[in-house]
Amino acid sequence: MIRVTILGNNSALPAYDRHPTAQIIELREQLLLMDCGEGTQIQLQRYNIRRRRINYIFISHLHGDHYFGLIGLLTSMGLLGRTAPLCIYGPPALKDIIDLHLAVAGTTLPYVLHFEGLEEGVVRDLVDTPHFKVSCFPVIHRIPCHGFVFTLKGSGRKLLPEKCKELEIPAAYYNQLKQGEDYLRRDGRLIKNEEVTTEGNPDKRYAYAADTLYTESILPFIRNADALYHESTYLDDNRERAFDRFHSTAAQAAELAGKAAVKRLLLGHFSSKYQDLSPFYTEASAIFPDVEITTEGTTYEI
Ligand SMILES: [Zn+2]
């Protein structure tokens, strides 16, 4: 199961106790931080999430509401005596920003910071472990910006051990069976995979797209995702304003979720213009029923 905890679901200005963008994505034991707006550390404390458990940070783009909390977090991790390496993925200029802050403060971090710059428009896998994978894809925003897909890898097919023994399949071949292969015995009998295995846990995919204009160019990356977090800065009566500012409306996010055939849509990145968010639900659910208006401190299980 992928667990997504929302730390900030507002756009540029903090308002109504809603904070700029940040969320924690839990994949097995790993905590990954997606964007790091101002106040992220305070939110981590509020929701009892330990900073030292975060080993990966992804920054979508360099508008301040997505990274102004980063320098504080990196510094605190140092003050708390972190020694484990930390991996950050974000726009190349972010490296210069971090280095300048540390240099003028005369700060040397006690841990290794691996930084990987994401060039504009790049599509690639960033992290690939036996348990999970993270990849990025371009979205369309006023400055270069990426969306991300977090995949929790499934278990492969499940063995039926009694059947395997009965049919005299050597244990050395079990891994291949889990991958779905058949087994050819020495006596020439072909054991079909379905005879000795059952369906395992499938992969789970969580896609994140903030900030972005409505664009169908991202469909290949988010198609059939188990959940999509898509920005909905405005309601649809502000479609023109959304377009001018390279943002989307709730209706557009819902339309895209339907075209991508995702299972669930999570909405966020609300403009501080809106105190009441219920119209976002009304608008989006008329187009795509499995929609949720994210709330800070809530963990969504995917
Ligand atoms: Zn932005």
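Note that the structure is predicted; figures quoted are calculated from it, not measured. (Residues numbered from 1 in each chain as written. Predicted model: local features only at pLDDT ≥ 70, side-chain atom pairs only at ≥ 80, totals over all residues. Heavy atoms only, no water.)

## A few points about the nonpolar core
Operational definition: We call a set of buried Ala, Val, Leu, Ile, Met, Phe, Trp, Tyr and Cys residues a nonpolar core when their side-chain atoms join them within 4.5 Å. Only protein chains enter the accessibility calculation, which uses a 1.4 Å probe; a residue whose area is less than 20% of its type maximum is buried, one above 50% is exposed, and one in between is partly exposed. Runs of H or I in DSSP of at least four residues are treated as helices and runs of E of at least two as strands, each being numbered from the N terminus. Contact criterion: two residues are considered in contact whenever any of their non-hydrogen atoms come within 4.5 Å of each other.
Ile218, Ile222, Leu228, Val262, Leu265, Leu267 and Phe280 are the most contacted members of the largest nonpolar core, which totals 31 residues. Within the residue set of this core, elements represented by two or more residues are strand E14 (204-209), helix H7 (219-222), helix H9 (250-260), strand E16 (265-268), helix H10 (278-285) and strand E17 (291-293). Counting residues per element, this core draws most heavily on H9, which supplies 6 residues. Not counting residues up to four positions away in its chain, the partners in contact with Leu228 are Ala207, Ile222, Ala257, Val262, Arg264, Leu265 and Leu266.

## Here we look at the UniProt feature "active site" (unreviewed entry) in the chain
Rule in force here: UniProt positions are given in the numbering used here, feature names are shortened, and annotations may be inferred rather than shown by experiment. N or O atoms closer than or at 3.5 Å make up a polar contact, with two conditions inside protein: a donor-capable atom paired with an acceptor-capable one, and, for residues adjacent in sequence, both atoms drawn from side chains.
UniProt marks Asp65 with the feature "active site" (unreviewed entry), using the numbering shown here. Within the secondary structure layout, Asp65 lies in the loop between strand E4 (54-58) and helix H2 (70-79). With residues near it in sequence (within four places) discarded, Asp65 still touches Ser11, Ala12, Pro20, Thr21, Gly37 and His269. Polar contacts involving the side chain of Asp65 include one to the main-chain amide nitrogen of Ala12, which spans 3.4 Å.

## Regarding the sheet that holds strand E15 (residues 227-231)
Selection rule: Two strands qualify as a pair provided DSSP detects at least 2 bridges between them. Working convention: axes come from line fits to C-alpha atoms, limited for helices to the stretch in contact. Angles between N-to-C directions cover 0 to 180 degrees.
If you walk across this open sheet you meet the 7 strands as E7-E8-E9-E14-E15-E16-E17, and the pairing is mixed. The open sheet is flanked by strand E7 (124-128) and E17, the only strands paired with a single partner. On average, adjacent strands in this sheet sit at an angle of 20 degrees to one another, irrespective of strand direction. One ladder, built from 4 bridges, connects E7 with strand E8 (residues 132-138); its direction is antiparallel. Looking at E8, one finds that Asp125 is bridged to Ser135. Sheet contacts for H9: E15 and E16; angle to E16, the most-contacted strand, approximately 155 degrees. The strands touched by H10 within the sheet are E16 and E17, with E17 carrying the most contacts at an inclination of about 170 degrees.

## Brief notes about the side chain of Asn238
Relative to the helices and strands, Asn238 is located in the loop between E15 and helix H8 (239-244). On the basis of relative accessibility, which here comes to 15%, the residue Asn238 falls in the buried class. Side-chain polar atoms of Asn238 contact the side chain of Asp237, separated by 3.4 Å. Beyond its immediate chain neighbours, meaning those up to four positions away, Asn238 contacts Thr249, Lys273 and Tyr274.

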